[in-house]
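In case you want the letters, here they are:
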Amino acid sequence: MTDLSVIILAGGKSSRMGEDKALIPIQRIALLERVYKVAKSCTDTIYIVTPWPERYQSLHLPECKFIPEISTETQGPLVGFVQGLEKVKTEWVLLLACDLPNLQIEVLQNWVKIVDTVESENIAILVKNPKGWEPLCGFYRCNCLPLLQDFINQGGRSFQEWLKPYPVAVLPLSSPEMLFNCNTPEDVQKFLLN
Ligand SMILES: Nc1nc2c(ncn2[C@@H]2O[C@H](COP(=O)(O)OP(=O)(O)OP(=O)(O)O)[C@@H](O)[C@H]2O)c(=O)[nH]1
Ligand SMILES: [Mg+2]
């Protein structure tokens, strides 16, 4: 079985949404809770990296491990990710944004099987789109931590730039709508109408 943890990032500013999108109800379940439920189908070890764990105490997140983000000034997903990765003890981590209402359990479970077959040189396995990697719904080898720490210490904040020099394997995705993310109130409406 794949030695896997999940890190969910829930520390963004939600500036386009205008309110904390982790708490936006979609079919009466908060977005973060929906993502958590799907993550639970892949592993029991799930971390949520956020500067405000107290906001999520009333959600149903059984056995959740909160990693309180140290910086009070949100520095973006890469910095949230490194703070999570420093705590993870498994070989692989599945990184998820909290704003993915359309995640499919079967697709993720199939991906978990693929991860076991990936060549050891690859530091990550991600979906590729025409603009680059989809960094917030994919797998990273936890021993990439020193590479990530170096990149961040040099001021790097972009997943795409960080990954550029390293081999990354490609995850198959037949329905790209799985990665639809809710950034605005209009996105929420669009999702509910579909
Ligand atoms: N822990 C943590 N998560 C972050 C941080 N910045 C973004 N994220 C998360 O990364 C994911 C993708 O971020 P975006 O979709 O850009 O969300 P956002 O930054 O909250 O929203 P905008 O302010 O509208 O860009 C979401 O799950 C965010 O909660 C951060 O500084 N720390
Ligand atoms: Mg987003």
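Shown above is the structure to which this text applies.
Read on for an overview of the structure. All values derive from a computational prediction rather than experimental measurement. (Residues numbered from 1 in each chain as written. Chains lettered and ligands numbered in written order. Predicted model: local features only at pLDDT ≥ 70, side-chain atom pairs only at ≥ 80, totals over all residues. Heavy atoms only, no water.)

### Examining the packing of aromatic side chains
Then, in step 1: Counting across every chain of the model gives six aromatic pairs.
Then, in step 2: Sitting over the face of the ring of Trp52, Arg55 holds its NZ or CZ atom 4.0 Å from the ring centroid.
Then, in step 3: The positively charged end of Lys128 is found above the aromatic ring belonging to Trp133, 5.0 Å away from the centroid. (Phe/Tyr/Trp six-rings, centres within 6.5 Å; stacked < 30°, edge-to-face > 60°. Lys NZ or Arg CZ within 6 Å of the ring centre and 35° of its normal.)

### Some details on the environment of Ala39
Then, in step 1: Among the structural elements, Ala39 can be located in helix α1 (residues 31-40).
Then, in step 2: For Ala39, a relative accessible area of 0% gives the class buried.
Then, in step 3: Counting along the chain gives 20 residues from Ala39 to Leu59, while the straight-line C-alpha distance between them is 15 Å.
Then, in step 4: Once you skip the residues sitting within four places of it in the chain, Ala39 turns out to touch Val6, Ile8, Ile46 and Leu96. (Helix = DSSP H or I, 4+ residues; strand = E, 2+ residues; numbered from the N terminus. Buried < 20%, exposed > 50% of the residue type's maximum accessible area, 1.4 Å probe, protein only. Contact = heavy atoms within 4.5 Å.)

### Observations regarding the pattern of salt bridges
Then, in step 1: As enumerated under the stated definition, the model contains seven salt bridges in all.
Then, in step 2: The shortest N-O distance in the salt bridge between Asp99 and Lys21 comes to 2.9 Å. Taken together, the positions of Asp99 in the loop between β6 (92-97) and α3 (105-115) and Lys21 in the loop between β1 (4-9) and β2 (25-26) put the pair 78 residues apart, joining distant regions of the chain.
Then, in step 3: The network of salt bridges with common partners includes Lys40, Asp44 and Glu63. (Salt bridge = Lys/Arg side-chain N within 4 Å of Asp/Glu carboxyl O.)

### Digging into the layout of surface pockets
Then, in step 1: Approximately 750 Å³ is the volume found for the largest pocket.
Then, in step 2: Around the largest pocket sit 31 residues that line it, and Arg16, Lys21, Pro77, Asp99 and Leu136 are the ones nearest its centre.
Then, in step 3: Elements with a minimum of two residues in the lining of the largest pocket: α2 (77-85) and β8 (132-141).
Then, in step 4: Considering every element that reaches the lining of the largest pocket, the biggest residue donor is β8, with four residues.
Then, in step 5: In terms of residue class, the lining of the largest pocket is built from 14 nonpolar, ten polar and seven charged.
Then, in step 6: Put simply, the second largest pocket is a space of about 150 Å³.
Then, in step 7: What lines the second largest pocket is Ile29, Arg34, Val35, Lys37, Val38, Leu100, Pro101, Asn102, Leu103 and Ile105.
Then, in step 8: No other element matches α1, which puts four residues into the lining of the second largest pocket.
Then, in step 9: Tallied by class, residues from the lining of the second largest pocket come to seven nonpolar, one polar and two charged. (1 Å grid on protein atoms, 1.4 Å probe; cavity = no way out; pocket = protein on both sides within 12 Å on 5 of 7 lines; lining within 4 Å. Points joined across faces, edges and corners; volume = space filled by probe spheres on them. Nonpolar A, V, L, I, M, F, W, Y, C, P; charged D, E, K, R; others polar.)

### Notes on the sheet that holds β6
Adjacent strands of a sheet pair through backbone hydrogen bonds, lying either parallel or antiparallel.
Then, in step 1: Pairing within the open sheet is mixed, and its seven strands lie in the order β5-β4-β1-β6-β8-β7-β9. Strands with a single pairing partner mark the edges of an open sheet, and in this sheet they are β5 (65-68) and β9 (168-170). Across the sheet, the mean angle from the axis of one strand to that of its neighbour is 30°, orientation sign disregarded.
Then, in step 2: Here strand β7 (residues 124-129) pairs with β9 via three bridges, running parallel. The residue of β9 that forms the bridge with Leu126 is Val170.
Then, in step 3: Here α2 sits on the sheet and contacts β1, β4 (46-50), β5, β6 and β8; the angle it forms with β1, its principal contact strand, is near 145°. (Pairing = 2+ DSSP bridges. Axes fitted to C-alpha atoms, helices over the stretch in contact; angles between N-to-C directions.)

### Quick look at the site of ligand 1
Then, in step 1: As a structural note, the neighbourhood of ligand 1 is formed by 21 residues, with Leu9, Ser14, Ser15, Arg16 and Glu69 the closest of them.
Then, in step 2: One of the backbone N or O atoms of Gly11 is found 3.1 Å from a nitrogen atom in ligand 1.
Then, in step 3: A distance of 3.1 Å separates an oxygen atom of ligand 1 from a polar backbone atom of Lys13.
Then, in step 4: When ligand 1 is considered free in solution it has 620 Å² of accessible area, and contact with the protein chains removes 88% of it.
Then, in step 5: Structurally, ligand 1 is housed in the largest pocket.
Then, in step 6: Among the residues making up the shell around ligand 1, the classes are represented as seven nonpolar, nine polar and five charged. (Near = heavy atom within 4 Å. Polar contact = N/O pair within 3.5 Å; in protein donor to acceptor, adjacent residues only side chain to side chain. Areas by Shrake-Rupley, 256 points an atom, 1.4 Å probe, with all protein chains shown as cover. Sits in = over half its atoms within 2 Å of the grid points.)

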